[in-house]
Amino acid sequence: MALETIAALPITMKENPVQKLHAAHHTLPLEAWRITENEPADDTHFLRETLFSVGNGYIGLRGTEEEGYSGAEGQSLDGSYLNGFYESEAIHYPENACGLARTNQFMLNVPNAKCLRLRLENEDFDPRTGTLESYQRTLDFRTGLLTRSLVWLSPSGRRVRVHSERLVSFRHPNLFAIRYEVTPLNFDGTIQLISALNGQVSNMAAGDDPRVGSAISGAALEQIGEEWQGNFAALTHRTHNSGFTLCTAMQNHLLCEQTFEAAHAQHGKLLEQIFTVKLSRHQPVQLCKYASYHSSRDFPETQLTLLAQQLLAQAQASGFKELAAQQQAYLDDFWQQADVEIEGDDALQQGMHFNQFHLLQSVGRDGKTNIAAKGLTGEGYEGHYFWDTEIYIFPFFLYNKPEIARKLLEYRYQYLPQARTRARQMAHSKGALYPWRTIAGEECSAYFPAGTAQYHINADIAYAIRLYLQVTGDTEFLLEQGAEIVLETARLWMELGHFSSNGATGREQFCINEVTGPDEYTALVNNNYYTNAMAQMHLRFAAQIAMELAQHHAEKWQQLRQTLSLSADEINAWERAAEQMFLPYDAALRIHAQDDAFLSKKPWNFKDTPADNYPLLLHYHPLVIYRHQVCKQADVVLALLLLSEQFSLEDKRRDFDFYEKVTTHDSSLSTCIFSIIANEIGYQDKAYAYFMQTARLDLDDTHGNTHYGVHTAAMAGTWLGIAYGFAGLRIVHELPRFAPVLPPQWQHYQFHIHFQGQLLQVRVDRQQVSYCLLRGQSLQLLHHEQRITLNGQGALEHVPFSFQEPQHA
């Protein structure tokens, strides 16, 4: 590595024994940079369709085989998804009320363009008939290729080798490609390769579990056109309600030394191109299929087919090999910035790379789309975007690929007008209220106690903007978009809350009633601690922005004040509300109360709750859960992380000890936060145990529902567990501060962060901590309380130190 700055710091290992963890059952070989399937099986097929999904942030293809699945019913969902492409339907309430969400939006399973069938004489290739003499399927995180190689003996004795590669292009958002090679091994004969576009698709019904699929009432796409031009074919569809038109297209290119015949066929909503060729044994034939999706959400409707033709012609001219090289170059750059290296735990290393790769595949990067709870791997939560983005996923991209982080914030700015409209629907005369779950900006949550009532979404977005500015110093974003978001969302708190005299103290305090915090097992409460504390941060941040703009960007400030009709009195009220914010605290228990009533509720009877009754939400009416002292996920404990500087170490220990006992972790967003705080307060055994529950949540299907899609927030939580947890990363005095620990199971770990345009590598091993400036000229950081300056061009510093126990504040 050329011209780097390194500061190396010795570290002493903590000697406490590590709690023995229950070993997860790993069904795939432990490999750092890929996942491999050596034997297909019906009982794991549904799950592995998710795990072997490929995508690029716009297109997502589940890992179903090109020929489709002929196995047991209920073991497959052959899905293809487009980020931001949705249908909408009216939400019907048997009992109506003012202000309820009126329209749902849901991500669609779009026409299947990856279909490829193989026929040997009169036999269809189907791995579930005949005999698989060899088989391997891999998803490589460094190349981005999904590869399958097999030798199949047909029922009549024909032996054939099949090798396929699939990629969804990071360079070209609307494009994916398949290279499919067939070689007869023991026969001469006629082979047919049938490439198809299948418009006969539908979404998966959610049933009784809202985390699974969609509540769609029928076919969402109407086929309105088909087109053939040589090796090019296209289907055109239109949604019924959202008003979008979609062109699904393919271009086929057969590579063979022999002459061949090409024919077209249509069977209802299925378009096929059939290639027929006579081959001798050991003579290969290769079909390269280039496919695309273009929608009227991004392009003029009249140009969709033309754009598809142009893109696919360009792809064929480049060839699959060049597309694969572009894919690897993109991923090389990503991993140079984002790679997390862990020595000492092969399962964890694989889980980390798997999670990072899927996050990259799932995130929208155009400023018009976001990242769904299930990414682009399944239909759970209907493809909606949540607060997961800002609190869990955004930091991963901010520190590893900050240009994507900015696009996620730009997405929020694009839908600020809809947030203003939602605020008026909720009887707020000014300001903006972002939706709890959405695709295109409108509130889609039909269950307001765990939806619209989660007003903290406004503060979560403001928090992400504040963090973005601290890490990047991107003043342009602040002036053009960020300030307007923060100011408009902040003013909502003044109408939502009110000043009230506190009988115990006699002081007037600002209270916020009838809200729901992150913990969805406790709804519609007064003074949720997380909500109030984050609102306090939000109001202070908004007032700070107003002051900074007035002092340093007067023209922009005047423009914003006029646009928003924002007065000095309103800003003064923000500061007063923040100063007098009521933050529940129980003096007897010396803990921060989750809300005004939480500590007075009857504790949940965990001892007598059957293990099969988790998650509780699927087995108990919400009112049963709400009236008990039980948490689904981190709530106060999350505030301990996000607002870390506001709590002493003793506060954090007491809060952690109390809330750990009443938290089920039924949400995949929970254990990563508990791991981070456990690290900070010196509970290294628990920190590691919680971290391991997060790191391979999808690979090992520990929640039992990964077949419906990955858990993107938990995936990002794994990275948070490394950076925020074991390395102790916080922003303190505008500088990155680290307080590293090394789990006894590991020899070392290493990760990177971008900060103020510099790229820093952090490495922790048994002897030292090393801070290496990979890009940039100069960077200051804190190691515990010790300030370190890294100057570029090869400067090297060694600063000895001893491992520091967590200190009492």
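Trainee: What should I look at first to understand the overall build of the protein in this one?
Mentor: In terms of regular secondary structure, the protein is built from 19 helices and 35 strands. Across its three principal axes, the protein shows a C-alpha extent of roughly 90 × 65 × 60 Å. For the protein, the residues scored as buried account for 62% of the 809 residues in total. In the protein, the share of contacts with a sequence separation of at least 24, taken over all contacts with a separation of at least 6, comes to 69%. Summed over its atoms, the accessible surface of the protein is roughly 29,700 Å², and 48% of this surface lies on carbon and sulfur atoms. Taking the 64 positively charged and 92 negatively charged side chains of the protein as two groups, their mean positions are separated by 1 Å.

Trainee: Sorry, what's going on with the nonpolar core here?
Mentor: Most often, soluble globular proteins have nonpolar side chains that are buried together. Grouped together as the largest cluster of nonpolar side chains are 208 residues, with contacts concentrated most on Tyr 392 and Phe 751. The element that contributes the greatest number of residues to this core is helix H11 (residues 529-552), accounting for 13 residues. Among all residues touching Phe 751, those that are not within four sequence positions of it are Asp 339, Val 340, Trp 719, Ile 722, Ala 723, Ala 727, Phe 738, Leu 760, Gln 761 and Val 762.

Trainee: Whenever I open this one, the pattern of salt bridges confuses me. Can you help?
Mentor: Where charged atoms from two side chains of opposite charge come close, those side chains can pair. Scanning the model with the defined rule gives 42 salt bridges in all. One salt bridge connects Arg 148 with Glu 67, and the closest N-O pair in it is separated by 2.8 Å. With a gap of 81 residues between them, Arg 148 in strand E11 (residues 146-153) and Glu 67 in the loop between strand E4 (59-61) and strand E5 (80-82) connect regions that are remote in the sequence. Accessibility assignment for this pair places Arg 148 and Glu 67 in one class, buried.

Trainee: What is the right way to look at the packing of helix H6 (residues 402-414) against helix H8 (residues 456-472) in this model?
Mentor: The relative placement of two packed helices is expressed as an angle between their axes plus a distance between the axes. Here H6 crosses H8 at 145°, and the two axes come no closer than 11 Å. The handedness of the crossing between H6 and H8 comes out as left-handed. Facing Pro 402, Arg 406, Leu 409 and Arg 412 of H6, the residues of H8 in contact are Ile 457, Ile 461, Ala 464, Ile 465, Tyr 468 and Thr 472. Looking at side-chain class alone, the contact of H6 with H8 contains seven nonpolar, one polar and two charged residues.

Trainee: How do you make sense of helix H18 (residues 684-695) when you look at a structure like this?
Mentor: Spacing of three or four residues puts side chains on the same side of an α-helix, whose turn is 3.6 residues. Over its twelve residues, H18 extends 16 Å from the first C-alpha to the last, a length consistent with the 16 Å expected when each residue adds 1.5 Å. All of the buried residues in H18 are Gln 684, Ala 687, Tyr 688, Ala 689, Tyr 690, Phe 691, Thr 694 and Ala 695. In this fold, the buried residues of H18 make contact with helix H4 (346-362), helix H16 (649-660), helix H17 (671-680) and helix H19 (712-726).

Trainee: Would you take a moment to explain the sheet that holds strand E34 (residues 786-791) for this structure?
Mentor: The four strands are arranged E28-E29-E33-E34 in an open sheet whose pairing can be described as mixed. Taken across any chain shown, the strands that pair with only one partner, and hence form the sheet edges, are strand E28 (730-732) and E34. Averaged over all pairs of adjacent strands, the angle between their axes in this sheet comes to 40°, without regard to strand direction. Looking at chain direction, strand E29 (residues 735-738) and strand E33 (residues 778-783) are connected through two bridges and run parallel. Note that in E33 the partner of Arg 737 across the bridge is Leu 782.

Trainee: How do you make sense of helix H2 (residues 304-318) when you look at a structure like this?
Mentor: Relative to the 21 Å expected for 15 residues at 1.5 Å per residue, H2 spans 21 Å between its end C-alpha atoms, a close match to the ideal helical length. The set of residues buried in H2 consists of Leu 304, Thr 305, Ala 308, Leu 311, Leu 312 and Ala 315. An end-on view of H2 places all buried positions within 130° of arc, on one side of the element. Residues of H2 that are buried in the fold lie against strand E13 (175-184), strand E15 (221-229), strand E16 (232-239), strand E17 (245-255), strand E20 (285-295) and helix H3 (320-338). Positioned one or two residues after H2, Gly 319 has a phi angle of 90°, which is positive.

Trainee: Honestly, the environment of Ala 714 in this entry has me stumped. Any pointers?
Mentor: Of note, Ala 714 is situated in helix H19. Taking the C-alpha atoms as reference points, Ala 714 and Asn 355, 359 residues apart in sequence, are found 8.6 Å from one another. Setting aside chain neighbours within four positions, we find Ala 714 in contact with Ser 668, Thr 694 and Leu 697.

Trainee: How should the sheet that holds E4 be read in this particular structure?
Mentor: What holds strands together in a sheet is hydrogen bonding between their backbones, with the strands either parallel or antiparallel. Taken in spatial order, the three strands make up an open sheet running E3-E4-E5, and their pairing is antiparallel. Two strands in the sheet have a free side with no partner beyond their single neighbour: strand E3 (54-55) and E5. Note: E3 against E4, two bridges, orientation antiparallel. Residue pairing across strands places Gly 55 opposite Gly 60, the latter belonging to E4.

So, how was this worked out
Residues numbered from 1 in each chain as written. Predicted model: local features only at pLDDT ≥ 70, side-chain atom pairs only at ≥ 80, totals over all residues. Heavy atoms only, no water. Helix = DSSP H or I, 4+ residues; strand = E, 2+ residues; numbered from the N terminus. Buried < 20%, exposed > 50% of the residue type's maximum accessible area, 1.4 Å probe, protein only. Contact = heavy atoms within 4.5 Å. Areas by Shrake-Rupley, 256 points an atom, 1.4 Å probe, with all protein chains shown as cover. Lys, Arg positive; Asp, Glu negative; His and termini not counted. Charge placed at Lys NZ, Arg CZ, Asp CG, Glu CD. Core = buried A, V, L, I, M, F, W, Y, C linked by side-chain atoms within 4.5 Å. Salt bridge = Lys/Arg side-chain N within 4 Å of Asp/Glu carboxyl O. Axes fitted to C-alpha atoms, helices over the stretch in contact; angles between N-to-C directions. Left-handed = near helix turned anticlockwise from the far one by under 90°. Nonpolar A, V, L, I, M, F, W, Y, C, P; charged D, E, K, R; others polar. Expected span 1.5 Å × (residues − 1). Pairing = 2+ DSSP bridges. Arc of directions from axis to C-beta.

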